Amino acid sequence: MKKLLLLLLLQPTLILITNGQLPPLTVEKIMRDPKWMGTSPSNLQWTADGKYLLFTWNPEKAATDSLYYITPTATTPQKSTGAFRNTAIADNQARYNAQRDQYVYAYEGDIYLANIKTGARRRITKTVAIESNPQFSFNDHKIVYTREQNAWDRDVQTGETTQLTNFQPGAATAASTPAFTGRGNQPTPATNRPAVSNNKQENWLQQDALENSVVLQRRKQKKDEADSMLKLFKEKTLRTIPLEGKNLSMLSTSNNGRFISYRLSTTPTGKTAIVPSYVTESGFTEELSARTKVGAPLPAQELFVFDTEKDTVFAIKTDSIPGIRDLPEYLKDYPAVYKEQSQHPPLRPVNFFNINWSPTNDYAVVEARAQDNKDRWLLLLDGETGKLSLLDRQRDEAWIGGPSANGLPVFNSGWVNNQTFWFQSEATGYSHLYTINITTKEKQTLTSGNYEVLKTELGPGKKYFYLNTNEVEPGQQHLYRLPVTGGKAERLTTLTGSNLATISPDEKWIAILYSYSNKPWELYLQPNSPATAKTKPVQITNQAQSEEFKSYNWRDPELVTFTARDQAKVYARLMRPAQPPASKPAVIFVHGAGYLQNAHKWWSSYFREYMFHNLLVDNGYTVLDIDYRGSAGYGRDWRTGIYRYMGGKDLDDIEDGARYLVKEYGVNPKHLGVYGGSYGGFITLMALFTKSSIFEAGAALRPVTDWAQYNHGYTSNILNEPFSDSIAYHRSSPINFASGLQDHLLICHGMVDVNVHFQDVVRLTQRLIELGKDNWELSVYPMEDHGFVEPESWTDEYKRIFRLFETWLKK
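Residues numbered from 1 in each chain as written. Predicted model: local features only at pLDDT ≥ 70, side-chain atom pairs only at ≥ 80, totals over all residues. Heavy atoms only, no water.

### Quick notes on the side chain of threonine 47
Just so we agree on the cut-off: We count a stretch as a helix when DSSP gives it H or I for four or more residues in a row; a strand needs E for two or more, and each element gets its number in order from the N terminus. The term polar contact refers here to a pair of N or O atoms within 3.5 Å; inside protein, the definition further demands a hydrogen-donor-capable atom paired with an acceptor-capable atom, and it admits residues adjacent in sequence only when both atoms are side-chain atoms. In what follows, residue pairs with any heavy atoms lying within 4.5 Å of each other are defined as contacts.
Counting through the fold element by element, threonine 47 comes out in the loop between strand E1 (42-46) and strand E2 (53-57). A distance of 3.4 Å separates a polar atom in the side chain of threonine 47 from the backbone nitrogen of lysine 51. Other than its neighbours up to four places away in sequence, threonine 47 contacts Tyr52, Leu54, Ala88, Ile89, Ala90, Asp91 and Pro505.

Here it is as structure tokens:
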């Protein structure tokens, strides 16, 4: 009976999958496991020797993706074998020597050395310990790596291995080497020679005994000579550096091998929230460790340099950094606090993001940011003296961010040569590329204009920068090639949409992940030159759209703009029905994350929502998807437009978009709906709580209801901290405006959400109950985190959203 019931339950799904024709769209069809749509390649990486292009792909619709590869001359994708994966080392895993004819890499806890020309590989370590982070140092004569939180080196020619640091987890003791003294201050070896006493009487007796015995004098002289010889030939012991309970990170060795830098951080002491998980294999409620909340105490960071030549350790001092005591402008809204701090400006804590040692000399560039994230400094560190000098300061009264500050440091800064350092900055209001001479401090602007340099990569030959920008228009991404000396950038890609490009190590080929608004990602390959009839990109994969997926005519959204109330130009994606019904309903979708772009001409990460919007249009809805204030892709002023007031200009943009639909497309102003997840859920709540005359119904998915409950990294950037800027938190948190709810609200939330905690919606639920509101409902998903995983959950959630709109927007 159980088997029969299971077959009956599965039968509708089997029919749905094997039908082969998608129309008409239904929520059940589009919210299945995404494998039904097709499979796109991802994670493009050239091998370090440049022979293969690696990518993950799943044309077989297996449980997980597999590693595939092509070569520039054999472009039919091949599935990798275990033997291939053991030797196919990705370019981003390798560290090259100066000549780029050898590279080192870590594999399964050991270090390997490879020769690019011969293909020969040599295992450098074979231990039970885990070795990692290999790099060439000592002018390429040695390989430096990390083992058990210490730096080691191995001579490439002789194979001699040397431990370079001796970090110990405990606190400094009387027996350990003093933290900031040189080897010359080490105590001499113990002998049976009488120690010098502090007692005057004992010292007098010792001297008197020597003066009255020739034998004692002769023996003392022999012992002193022996001690001197022992001290001369005794190998110096490696300094012990106590960590004193702090966390070690960012261990790096200078290219000449002399300096070793490292960062120490205290352990966070803030209280961590707990997320209960109710549906578990054990049958018991289990607790998931989540995160602290905004305003919790942050770790203190220190940066140190160990000079191995002088055997000294020094801490990088931050008290002389320009502007380190500057007060933020928002404090002026709290006059008493501002007056007190103005009299004695505090030294702001600093976080160290990166240290980048020069290719040949004793200098490094340190990227430091104020812990309040209102300053980023690029500082030149003199390894010999420990002194810092300013190369560049970017100050933002809102917060440091944008493409120049996101992602790994390798994507926003580095050395061109031993005198020139490159970096990105939002100094002009848009993220652009700069270089600076570390000696003259002369800065050169390499790109400019009202567009964003989204990513920069210095080519392996160090002749060109490769830039991914949206110069054509905010809704497209293209690759450019720019000489390191400046000049005109050449556009290398031509396909309309997004071109996410990866340059081969020999700079001969460009691998491109390309997509368009209604066409998922596919892999293309082209020579590294501006595209022409002979060099145009060649499509490599063709599995992103299944036959079932292609059986529906997916809409190409219009990329439109409208003017906001403050005259700003707002970008949006629009989809309209050919013949709207008499009710003329419309839905505005609000993307999540805040700093994200969705009004563009490439395949959206919100692909389920995109398909749902096609379903809505099939059913007569007009759908508008807005890149409101705070979205990515439009420069610094747009990014920070929500500073100290989330639910301010961003919500105004949503309201102005609604009015745009009414004015330009005849949408019924009484039949407007709004929905979104995460930040989009937050905006939906603010819209229904504070703009009740605009929207008839809204669905808030996994919404933030009180920003004081969210994490520190995201929230403190935008709203500062609850105890220091209560004004910003009060006006930005929906729970404070729940009394304004008049229209129809659906809330959906996963109960094991470790990002926006389920506690958020529970607190709002209690508030709505206390207010006597009865025009809302809550749907909970006991086994879902912030991003849903299970098709059943997606299906249930979107069936409820569709029913909400069908019920209230077509009356």
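### With respect to the environment of phenylalanine 138
Along the polypeptide, phenylalanine 138 turns up in the loop between strand E9 (131-137) and strand E10 (142-147). For phenylalanine 138 and alanine 336, which are 198 residues apart along the polypeptide, the C-alpha to C-alpha distance reads 55 Å. For phenylalanine 138, the residues in contact, after removing those within four places along its chain, are Val144, Asp153, Leu164, Asn255, Asn256 and Gly257.

### A short note on the packing of aromatic side chains
Filter applied, for reference: Geometry of aromatic contacts follows a simple scheme: Phe, Tyr and Trp rings, the Trp one being its six-membered ring, pair when their centres are within 6.5 Å, and the pair is stacked under 30 degrees between planes, edge-to-face over 60, tilted otherwise. Accessibility here uses a 1.4 Å probe with only protein chains present; expressed as a share of the type maximum, an area under 20% marks a residue as buried, one over 50% as exposed, and anything in between as partly exposed.
Counted according to the given criterion, the structure contains 45 aromatic pairs. Measuring from ring centre to ring centre gives 5.6 Å for phenylalanine 259 and tryptophan 357, while their planes differ by 5°; the resulting arrangement is stacked. A residue pair is termed long-range when its members are at least 10 positions apart, and phenylalanine 259 in strand E16 (residues 259-265) and tryptophan 357 in strand E21 (residues 350-357) qualify at 98 residues. No difference in accessibility class separates phenylalanine 259 from tryptophan 357, as the two residues are buried. Plain terms: the ring middles of phenylalanine 788 and tryptophan 794 are 5.8 Å apart, the flat faces sit at 65° to each other, and that makes the pair edge-to-face. Residue phenylalanine 788 is classed as buried on the basis of its relative accessible area, which comes to 7%.

### So, the sheet that holds strand E34 (residues 509-516)
The cut-off we apply is this: DSSP bridges decide pairing: two strands pair if at least two such bridges lie between them.
Strand order in the open sheet formed by four strands is E33-E34-E35-E36, with antiparallel pairing between adjacent strands. Since the sheet does not close on itself, it has two edges, and those belong to strand E33 (498-503) and strand E36 (538-539), each with one partner. Bridge analysis of E33 against E34 gives six bridges, and the strand direction is antiparallel. Considered in E34, the bridge of threonine 502 is made with alanine 511.

Nothing here speaks to function; it is all geometry.
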